[in-house]
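# Coordinates in review
Here is what each chain is made of, one letter per residue.
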Amino acid sequence: MENIFMIDTIFGAIIMYSRHTVLQLLRFIQVIGICGLLFFAVYISVIYLYPFLIAFLLALLLRKPIKFLKKTLPVTHGFACFLSIFAVFLLLLFLITFSTIESIQAFKYLSKHIPEQIHTLSKFFQLLLDNHLMPFYTRLANQFDALEQSQQQVIAQQLQQSMEQITQTSIKLLETLLNNLITGLQAIPAFLSICMFILLGTFFICKEWYKLLAWQQTYTPLFLKEVFSSIRVAGKQTFIGYFKAQLILTCISTVIIYLGLIVIRVDFALTLALLIGLVDFIPYLGTGLFFIPWIGYLFLTGEYSQTIPLATLYGIVIIQRQLIEPKLMATHIGVNPLLILLITFISYRFFGVIGILIAPLLIMSFQVFHQSGLITFIWKYVKHGHL
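A few points on the structure. Please read these numbers as outputs of a predicted model, since none were measured by experiment.

The rules behind the values
- Residues numbered from 1 in each chain as written.
- Predicted model: local features only at pLDDT ≥ 70, side-chain atom pairs only at ≥ 80, totals over all residues.
- Heavy atoms only, no water.
- Salt bridge = Lys/Arg side-chain N within 4 Å of Asp/Glu carboxyl O.
- Buried < 20%, exposed > 50% of the residue type's maximum accessible area, 1.4 Å probe, protein only.
- Patch = residues over 30% accessible without salt bridge, like charges linked within 9 Å, V, L, I, M, F, W, Y side chains within 5 Å.
- Areas by Shrake-Rupley, 256 points an atom, 1.4 Å probe, with all protein chains shown as cover.
- Lys, Arg positive; Asp, Glu negative; His and termini not counted.
- Charge placed at Lys NZ, Arg CZ, Asp CG, Glu CD.
- Helix = DSSP H or I, 4+ residues; strand = E, 2+ residues; numbered from the N terminus.
- Core = buried A, V, L, I, M, F, W, Y, C linked by side-chain atoms within 4.5 Å.
- Contact = heavy atoms within 4.5 Å.

## Some remarks on the pattern of salt bridges
Following the criterion strictly, the structure yields 2 salt bridges and no others. Lys207 serves as the salt-bridge partner of Glu208, at 3.8 Å between the closest nitrogen and oxygen. Residue Lys207 is classed as partly exposed on the basis of its relative accessible area, which comes to 38%. As a salt-bridge pair, Lys211 and Glu208 come within 3.5 Å of each other at their nearest N and O atoms. Judged by its relative accessible area of 59%, Lys211 is exposed. What emerges from the salt-bridge pattern is a single network uniting Lys207, Glu208 and Lys211.

## Some remarks on a positive patch on the surface
Among the surface-exposed residues, Arg63, Lys64, Lys67, Lys70, Lys71, Arg232 and Lys236 lie close enough to one another that they form a single positively charged patch. At the level of elements, helix H3 (63–72) and helix H7 (222–264) are the ones that each hand at least two residues to the positive patch. If one sorts the elements of the positive patch by residue count, H3 sits on top with 5 residues. Its place among the elements puts Lys71 in helix H3. Look at Lys71 and you get exposed, because its relative accessible area is 77%.

## A look at the nonpolar core
Counting 14 residues, the largest nonpolar core has Ile257, Leu261, Ile264, Phe291, Ile295, Leu310 and Leu313 as its most contacted members. At the level of secondary structure, the elements contributing two or more residues to this core comprise H7, helix H8 (269–279), helix H9 (288–300) and helix H10 (304–332). Those residues in contact with Leu313 that sit more than four places away from it in its chain are Ile256, Ile257, Gly260, Leu261, Ile264 and Phe291. Listed in part, the 11 residues of the second largest apolar core include Ala55, Ala59, Ile66 and Trp209.

Have a look at this one:
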């Protein structure tokens, strides 16, 4: 009897354990399914509703200016929204005008100096042709003449086929370039209409912000309110911390670049430093988009007096960024530098070069979910079955 009782107890424990494990597995599958549906919904929203998502983000950023205008000026909420959007529009117009004027000045400078640089570059290629390519061609022609007639015909056919392939490839590239140009011109009206939708959407979301907030408070379940509140607080801290870190890095790089360009005596040092600093916001690419082609061009044209200082300046910018960036990211976001490197590598392996660009977003999303307690919340639901 005791043995039968022990066997029943063991079988009962096994059945209970198996049932508990199966329920945990089902809850895990449920969480995976919900995450998949949310990802699909976000994907569809980004594709088809991105003007309104941009409008929502702009409305979120304009909340404090609107409150400031309402406290400072005796205006209605709708007019404060209009003034804030109009001020942003004027700011963008000023930046575009300033950039255009600076670009025109830079193009005027280039129009004076490019012919001289092209002449220098053509002399370089002429020397390369005379000193290296022509002797090589002469030796190759002598070897070709020494071949049998059948071998010469085979080589001539291969060269003809290669030239035909090069011609076809050039024609396709030219057609692709023209088609892209036509597509870009055709996209201008669509771009303007999208900008109009963004402006109108921003205005109406700002105007109806408190109604939307009240609707969200009324129809959102309590546990989701707590989750959304935690995500909002963690997301605000993480994103602000990330942009603070990037802003500090960009300011340091811009100052170093500006001082270096002054020392090298490059014209339009301030404009170039600001432009390179703006591009420096692009993760893991940044200053290299400007410096590498610039250094390569100076090297090919034989301007070694500027190539070496410019390469040194680029090296200094890269070294200071590599030394400071992990510390700033760890301080302002709270993510271990090794984890940042790991997520960046995994993102690169899955998505290629685009993965490097979206890696900061993945890092910040992971940190937001961790700080908000969402990962712990999901784990408790999978393990115990209650919210």
